[in-house]
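# Structural features, examined
Listed below, chain by chain, are the residues.
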Number of protein chains: 2
Amino acid sequence: MEQTSAGRGRYHHGALKESLIEGACRLLADKGVTGFSLHELARRVGVSVAAPYRHFENRDALLGAVATRGYEQLLRILGESMNETADPVDQLRCFGVCYIQFAIDNPELFGIMFNDRYRSETEAAQRASFAPMIDFVGQAQRVGVLTPGVPAPEIARFLWASAHGLTVLHLNGGFKALGIDDTPRALIDSAWSAFLGDQPREDVAPG
Amino acid sequence: MEQTSAGRGRYHHGALKESLIEGACRLLADKGVTGFSLHELARRVGVSVAAPYRHFENRDALLGAVATRGYEQLLRILGESMNETADPVDQLRCFGVCYIQFAIDNPELFGIMFNDRYRSETEAAQRASFAPMIDFVGQAQRVGVLTPGVPAPEIARFLWASAHGLTVLHLNGGFKALGIDDTPRALIDSAWSAFLGDQPREDVAPG
DNA sequence: ACCTGAACACCGTTCAAGT
DNA sequence: ACCTGAACACCGTTCAAGT
């Protein structure tokens, strides 16, 4: 065998830890949490079953690292999307729509991110994902589109929570029998209309 | 060995299926989904490892039955609590508080109930739990405390979703760093104040 | 320091066999 | 019809041993 990717390639890898995380992300997406196994991951990455234990204390620690990647990916998506408009209300709406879409695109990853089992691993990344949301609420308050009476973290928390609940119920199929438009955009518009006003803006021209 | 409980007691049980579900509920609460195993369940119930397969197609089907029990229990709790007052707004508040409290008391069960994995088993029970909520929203609309313009199922869905999101974030510890009162009651009051008015009623005298 | 080989206890599921 | 016994492939984790 030739040396693998990273250069030094002593036994098998130069960067096994990174390969494990990437492989784990794919394996999780393929098989779900229940189908996820360290044996198969080791097989896929081409390494012995014991090798991952040099880099992660156990299965939970590895899945915690995957969940953390999830938060980083979500943060990046939210950042990109919310920068497409300067209107604070549209930014908040963007957050909700992207949040639901992210969960639809990565259901197994999303399912892991809020599991108490991995909290110690994901805590920091979760807080980092939450921070920009608070900023945008603060901006909306300063512009006068949200009441300044309530602390921004409290409003942000509620917007996050309701987006989260809508997402879970949507993934769970809870809206199918209700005969309601259940696109991410429609869910958010309808849910947040009491806060953000009833008429969503049409196609926003990028900056 | 003497005959067990139910009477006929041919080999071991009269009602193995019921024993399995009850044992599974306890095992789930003890060990969580990840720690839950059919081998240990069979051991606890005092039956061979193959026996459960006469009553459930597989592990998922058994956990689906447990999740269904969860919905039935939640429905009972909601019903009891919401009957303690006749005021529609207090009834809705009751729903939110009970919902969060149920999840705090049964975190592993709650975690299973909204997993897509068991949806086919839980679908009907979930809809049944959701129905009274729609009724109460309808009543609140007729009394004029909620706008009649929006269909009741849509409002109910949103209240459920936001309660669900608050619950998950709360269980996940997401409110600890924010320095906010995070009792179930405070979470619901703050979250729903825009819909249900700002001043929650004090102790309601029962019927 | 980083990885392999081999092993252990445990798990989901199956199936022939018992009553 | 309902259950047992025995088995299979698989999994999480450990540990002595290799380079």
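Each value, and the rule that gives it
Residues numbered from 1 in each chain as written. Chains lettered and ligands numbered in written order. Predicted model: local features only at pLDDT ≥ 70, side-chain atom pairs only at ≥ 80, totals over all residues. Heavy atoms only, no water. Least-squares fit on C-alpha atoms with pLDDT ≥ 70 in both. Contact = heavy atoms within 4.5 Å. Salt bridge = Lys/Arg side-chain N within 4 Å of Asp/Glu carboxyl O. Helix = DSSP H or I, 4+ residues; strand = E, 2+ residues; numbered from the N terminus. Buried < 20%, exposed > 50% of the residue type's maximum accessible area, 1.4 Å probe, protein only. Domains from an automatic or database assignment. Buried area = accessible area lost by both parts, 1.4 Å probe. UniProt positions renumbered as here; feature names shortened; annotations may be inferred. Disulfide = S-S within 2.5 Å.

### Brief notes about the relation of the copies chain A and chain B
You can overlay chain A on chain B at an RMSD of 0.0 Å; the transform is a turn of 180° with a shift of 0.0 Å along its axis. Within this description, the copies of the chain are treated as partners about a two-fold rotation axis. In this assembly the copies share their binding face: 100% of the residues contributing to the interface of chain A also contribute to that of chain B.

### Let's talk about the pattern of salt bridges
Note on pairing: side chains with opposite charge can pair once their charged atoms come close. Residue and element names in this part refer to chain A. The final tally for this structure, using the stated rule, is 21 salt bridges over all chains. A salt bridge links Arg93 to Asp189; the shortest N-O distance between them is 3.4 Å. Here Arg93, found in helix H4 (residues 88-105), pairs with Asp189, found in helix H8 (residues 184-196); they are 96 residues apart in sequence, far enough to count as distant. Each member of the pair, Arg93 as well as Asp189, is classed as buried. Among the salt bridges present, the one from Glu154 reaches Arg157, with a minimum N-O distance of 4.0 Å. Here Glu154 and its partner Arg157 are both found in helix H7 (residues 152-171), 3 residues apart, which amounts to about one turn of the helix. The network of salt bridges with shared partners includes Asp30, Lys31, Glu40 and Arg44.

### A few points about the domain arrangement of chain A
All names here are of chain A. With domains assigned, chain A is organised as domain 1 (15-56) and domain 2 (68-196). For domain 1 and domain 2, the distance between their C-alpha centres works out to 30 Å. Listed as interface residues are 5 residues of domain 1 and, on the opposing side, 5 residues of domain 2. In total, domain 1 and domain 2 occlude about 490 Å² of area from one another, counting both sides; carbon and sulfur atoms represent 69% of this. The interface formed by domain 1 and domain 2 includes 1 salt bridge. We note a salt bridge from Glu18 to Arg69, for which the minimum N-O separation is 3.0 Å.

### Quick notes on the UniProt feature "DNA-binding region" (unreviewed entry) in chain A
Here, the residues flagged by UniProt with the feature "DNA-binding region" (unreviewed entry) are residues 37-56 of chain A. End C-alpha atoms of residues 37-56 of chain A are separated by 14 Å, and the span's content is 40% helix alongside 0% strand.

### Looking at the state of the cysteines
All names here are of chain A. Under the criterion given, the structure shown has 0 disulfides over all chains. Lacking any disulfide linkage, Cys94 is separated from the closest cysteine sulfur, that of Cys98, by 5.3 Å. Accessibility expressed as a relative area gives 19% for Cys94, which makes it buried.

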